[in-house]
Amino acid sequence: MATEGSGLEFHPMDQFVVKPLFGAGDVHWYTPTNVTLWLALVVLASVALLVLGTRGRAIVPNRSQSIAELAYGLVHKMVEDIAGKDGLKYFPYIMTLFMFIVFGNLLGLLPKSFTVTSHIAVTGVLAFSVFFTVTAIGFIKNGVHFLDLFWVRSAPLAIRPVLAVIEVISYFVRPVSHSIRLAGNMIAGHAVIKVFAGFAAIAAVAPVSIIAVVGMFAFELLVAFIQAYVFTILTCVYLKDALHPSH
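Residues numbered from 1 in each chain as written. Predicted model: local features only at pLDDT ≥ 70, side-chain atom pairs only at ≥ 80, totals over all residues. Heavy atoms only, no water.

Here we look at the packing of aromatic side chains
Taken as a whole and judged by the stated rule, the model has 10 aromatic pairs. Ring plane angle 70° and centroid distance 6.2 Å describe the contact between Phe 146 and Tyr 171, whose orientation is recorded as edge-to-face. Taken together, the residues span a long stretch of sequence, with Phe 146 in the loop between helix 4 (120–142) and helix 5 (160–199) and Tyr 171 in helix 5 at a distance of 25 residues. Residue classification places Phe 146 among the buried residues on the basis of a relative accessible area of 1%. Where Tyr 171 meets Phe 172, the ring centres are 5.8 Å apart and the plane angle is 80°; that geometry is what we call edge-to-face. Taking the relative accessible area as the measure of exposure, Tyr 171 reaches 5% and is therefore buried. Put simply, the rings of Phe 128, Phe 131, Phe 132, Phe 139, Phe 146, Phe 150, Tyr 171 and Phe 172 pair up and form one aromatic cluster. (Phe/Tyr/Trp six-rings, centres within 6.5 Å; stacked < 30°, edge-to-face > 60°. Helix = DSSP H or I, 4+ residues; strand = E, 2+ residues; numbered from the N terminus. Buried < 20%, exposed > 50% of the residue type's maximum accessible area, 1.4 Å probe, protein only.)

Structure (structure tokens):
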């Protein structure tokens, strides 16, 4: 994007380009990239909060322990309320998803960082892992009765086959919508921030641009938590369907 007559040029989507971490050239499957670096930092941040931040197990918790306990309580209650007590055995997996997405979103707001959750390759892996996991749980726990999920017994018999087709389609669309929702929100918010930041170099609109950047940054902090919450709560809903498939 260029501003005519100002010499200003910026590209909001450049921040999402995957680049080699060392040197230049083509990116292969074995090439360390900026994505590799920030994925590692997301994992380290999660470990630092949940393991190192709580190792004291103080009766009066410090800040890191308080944050870790709040996150633990939030996800634990979410799983229990939605999937039931039999869903709690899968709590570690869901808690890991939540923390990974939260830190992926938040670290992406740092200057010169890379938002790993803005790439469909990352969110797609998360979404498809949930899809295959809950599908496997559904068949292992219920056998062929898992297919009751697609047969709406409360509906009139004549329209049940039509509803079954709709249910099957919606089921297989889940990982697509699950992944695109997260990546799309991250891309949109970061691109808008970059656009406003680019106009800050123009003196006439700099004050307005700076205010807009601050406002969007605050909004993106909220979105970072909301998107992690939405991804997690949908995972719990899908798990509930796998554990209790009958309508």
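Some points on the UniProt feature "transmembrane region" (unreviewed entry) in the protein
Sequence positions flagged by UniProt for "transmembrane region" (unreviewed entry) are, in local numbering, residues 35–53, 90–110, 116–140, 191–215 and 221–239. Its end C-alpha atoms 14 Å apart, residues 191–215 is made of 76% helix and 0% strand. The span residues 221–239 carries 100% helix and 0% strand; its end-to-end C-alpha distance comes to 28 Å. (UniProt positions renumbered as here; feature names shortened; annotations may be inferred.)

Looking at the side chain of Arg 174
One can find Arg 174 in helix 5. By relative accessible area, Arg 174 is classed as buried at 15%. Every residue in contact with Arg 174, bar those within four places of it in the chain, is listed here: Tyr 238 and Asp 241. (Contact = heavy atoms within 4.5 Å.)

Topic: the layout of surface pockets
Computed from the structure, the largest pocket encloses a volume of approximately 640 Å³. Forming the walls of the largest pocket are 23 residues, and the residues nearest its centre are Gln 15, Leu 110, Pro 111, Lys 112 and Ser 113. Secondary-structure elements contributing two or more residues to the lining of the largest pocket are helix 1 (34–52) and helix 5. If you tally residues by element for the lining of the largest pocket, the top one is helix 5, at four residues. In the lining of the largest pocket, the residues fall into 12 nonpolar, seven polar and four charged. (1 Å grid on protein atoms, 1.4 Å probe; cavity = no way out; pocket = protein on both sides within 12 Å on 5 of 7 lines; lining within 4 Å. Points joined across faces, edges and corners; volume = space filled by probe spheres on them. Nonpolar A, V, L, I, M, F, W, Y, C, P; charged D, E, K, R; others polar.)

Concerning the environment of Leu 74
Looking at where Leu 74 falls in the secondary structure, it is placed in helix 2 (residues 63–83). A relative accessible area of 38% places Leu 74 in the partly exposed class. Separated by 155 residues in the primary sequence, Leu 74 and Tyr 229 place their C-alpha atoms 9.4 Å from one another. Sequence-distant contacts of Leu 74, that is, excluding residues within four places in its chain, are made with Phe 98 and Tyr 229.

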